[in-house]
Every structure is written in structure tokens, then in C-alpha cells.
Amino acid sequence: MDTTFHQPLGGNEMPRFGGIATMLRLPHIQAAEELDRLDAAFIGIPLDIGTSLRSGTRFGPRQIRAESVMIRPYNMATGAAPFDSLNVADIGDVPINTFNLLDAVRIIEQEYDRILGHGIVPLTLGGDHTLTLPILRAIHKKHGKVGLVHIDAHADVNDHMFGEKIAHGTTFRRAQEEGLLDSDRVVQIGLRAQGYTAEDFNWSRKQGFRVVQAEDCWHKSLTPLMAEVREKVGGGPVYLSFDIDGIDPAWAPGTGTPEVGGLTTIQALEIIRGCQGLDLIGCDLVEVSPPYDTTGNTSLLGANLLYEMLCVLPGVVRR
């Protein structure tokens, strides 16, 4: 059977302000036999009941899709042509329980079991950062322990939040405790601001994670750092999780927990492009909150970062 590579709908076929809002204006695929033919897919998780300050990330997937209309197939900077070698589509949203966080977590894990069963590399539109835990649980069943590249203003390694063990600020402590991560192959980039104790980031370091605080990224290119990251996390499957609040709120104000002194959009691109060559088996872009994104620029940035993630997946050709 000949392979069909889905292409984004072009701006000369349908005006960019028209048509159905799918990610990158790709086909919306649901049938099991069509899912079996996909290499990668965009999935939305409209979750915000795990947030601790400003809600609104439930609207993230829809707005990221809407802002993705300007993205074209070829990456002129890197030469990546993802739609020439990977079959990619938008497979819709996970139908979470918006009144019960633990049940939503169960549903997400169940859905990703199904998605991974089709051999699809998931590219997730969040949603708050709670969603990464059930995704990692599903991925562990298929790939075992994974390396992690985690970009964030926060380490998300709280032991609890208001006594709750699962929330957007506990994700990576639970993942580590559950044996989902290969702790010698974990890097956290962009951590900053204040803590509750002087040891807040040291829990990660004690697990073997490399912690790159935002101050270590100021006024420099992160291309050299990413060479070091590839050395640390390579040699096995890697998951990429990008919290949009890793970016300074000057560029990405539309998020629930903004922190000053963050990464730039250029550094964000350097980080993702620096993941080329890793065995990426899944990625997410989380914590976009459109109610605080009056210009749409945060969602636009999120859409572009997800496209860049697609461009560094294994098997993408370069022209």
C-alpha cells in the first residue's frame, strides 16, 4: 500500500481565517484503521483543574490550534520537511472528567494507552502540567524508563499541594517515585524565582537530574548547552515536556503561573532544535492560558514550538 503523507491545508486553498481549526490545518483523524497509518499526531488535553493560581488552560488546545494557521510545511531555518516523511494528523481532544482530577488522570492514561497502541508518537497540546504524569505512565508501559528534557519556570517536584499528591506542581516527583524516569537522563531548564526553602531545586539534583536555572541561561545562546543535554539524555527514549511559563512573561504572558527573568523565544527554539538526534517518543506543550493572552501571542508561540517538536522527531527528512 502506498503511503500517504497528510499535508497542512495551504493558504491558497482556503483562506487562513477559514476552515475547521485543526492543528496546522491537518486532517482530523478518528477511525482506527487510519490511526494505524499515522506516525505522529497532535492531541489536545483541555485540562485546568490541576492548576494552583490562574485557571484557563482548558482553552489552550483550541486556541493553539486557531493560532497555528500561519505555520507552513517547511522549516526554512533547519531544512526539516516533516510532512514529506511522516504521516501526521490531528486526532482531537481527550474527553477528560472536568469535575474530578484523579479521574481525568485515569482517562488520560487510558487514552494514551490506546494512542500508543497505534504506534503513534504523541504531540500534546495542554492543558495544565498535571497531564504529563498519566502520559508518562502510558509511555512507561511501552518504552520503560525514559529520559526527560523539561523546560519550566518550576521544578514541579512538590510532595503535595494542599495535601493532594497529584496536581500540576507534583508531576515530576510522582514520575520519579513511580520509576517512570531514567533519573541519570533528566534535565530541567529555566527554573527560577522564589522557593519555600533554600533546598527547593536540590531535590531534583539529589535524584541525579541536571538543573539549569534561568540565570545560567541569561544573555547567551543555548546551543552549547543543548550539546551537553544530548550527551546526558541520549542513549535511550526521551520525552520532551515544555511548560510555556519557562518563557519570560514578556513573550508569553498567557499562562497561569508567570515568573519574571525567563527564557526568550529564541532560546526556546534553540532548546527544541537542539533535541534533534534524540530518540524522542513523545512531546507536550502545556500551561497556555488564553484568557490571559489578549494578543494571542502565547498561543502562537505554543503552536510554533509544537511544530518545531514535530520537526525534530526521528525520521524527519531535511531538504
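What counts as what
- Residues numbered from 1 in each chain as written.
- Predicted model: local features only at pLDDT ≥ 70, side-chain atom pairs only at ≥ 80, totals over all residues.
- Heavy atoms only, no water.
- Helix = DSSP H or I, 4+ residues; strand = E, 2+ residues; numbered from the N terminus.
- Expected span 1.5 Å × (residues − 1).
- Buried < 20%, exposed > 50% of the residue type's maximum accessible area, 1.4 Å probe, protein only.
- Polar contact = N/O pair within 3.5 Å; in protein donor to acceptor, adjacent residues only side chain to side chain.
- Contact = heavy atoms within 4.5 Å.
- Disulfide = S-S within 2.5 Å.
- Core = buried A, V, L, I, M, F, W, Y, C linked by side-chain atoms within 4.5 Å.
- Pairing = 2+ DSSP bridges.
- Axes fitted to C-alpha atoms, helices over the stretch in contact; angles between N-to-C directions.
- Salt bridge = Lys/Arg side-chain N within 4 Å of Asp/Glu carboxyl O.

Draft legend 1. Examining helix α4 (residues 132–143) more closely. Compared with the 16 Å implied by 1.5 Å per residue over twelve residues, the 15 Å span of α4 between its first and last C-alpha is a close match. Of all the residues in α4, the buried ones are Thr-132, Leu-133, Pro-134, Ile-135, Leu-136, Arg-137, Ala-138 and Ile-139. Taken from the residues just after α4, Gly-144 is the one with a positive phi, measuring 75°.

Draft legend 2. Looking closely at the side chain of His-118. Its place among the elements puts His-118 in the loop between α3 (101–117) and β4 (121–126). Polar contacts involving the side chain of His-118 include one to the side chain of Asp-36, which spans 2.6 Å. For His-118, the residues in contact, after removing those within four places along its chain, are Ala-32, Leu-35, Asp-36 and Leu-38.

Draft legend 3. Representation of the state of the cysteines. All chains considered together, the criterion is met by zero disulfides. Counting only cysteine sulfurs, Cys-283 is the nearest neighbor of Cys-275, a cysteine outside any disulfide, at a range of 7.7 Å. Note on Cys-275: relative accessible area 0%, which makes it buried.

Draft legend 4. Seen up close, the nonpolar core. Phe-42, Val-149, Ile-189, Leu-310 and Leu-313 are the most contacted members of the largest nonpolar core, which has 52 residues in total. The element contributing the most residues to this core is helix α9 (residues 297–311), with eight residues. Those residues in contact with Leu-313 that sit more than four places away from it in its chain are Ala-40, Leu-86, Val-121, Leu-123, Leu-280 and Cys-283.

Draft legend 5. Region of interest: the sheet that holds strand β3 (residues 88–93). Read across the sheet, eight strands follow the order β3-β1-β4-β9-β8-β5-β6-β7 without closing on themselves; strand pairing throughout is parallel. For this open sheet the edge positions go to β3 and β7 (210–213), each flanked by a neighbour on one side alone. Averaged over all neighbouring strand pairs, the angle between strand axes comes to 15°, with direction disregarded. As paired elements, strand β5 (residues 146–151) and strand β6 (residues 181–191) share five bridges and run parallel to each other.

Draft legend 6. Highlighting the pattern of salt bridges. According to the stated counting rule, one finds 15 salt bridges in the structure shown. Here Asp-48 makes a salt bridge to Arg-58, at a shortest N to O gap of 2.9 Å. Of the two residues, Asp-48 is situated in the loop between β1 (40–45) and α2 (60–67) and Arg-58 in the loop between β1 and α2; the sequence distance between them amounts to ten residues. Owing to a relative accessible area of 33%, Arg-58 belongs among the partly exposed residues under this scheme. For the salt bridge of Glu-109 with Lys-141, the shortest nitrogen-to-oxygen distance reads 2.7 Å. You can see Glu-109 sitting in helix α3 and its partner Lys-141 sitting in helix α4, a full 32 residues away along the chain. For Glu-109, a relative accessible area of 17% gives the class buried.

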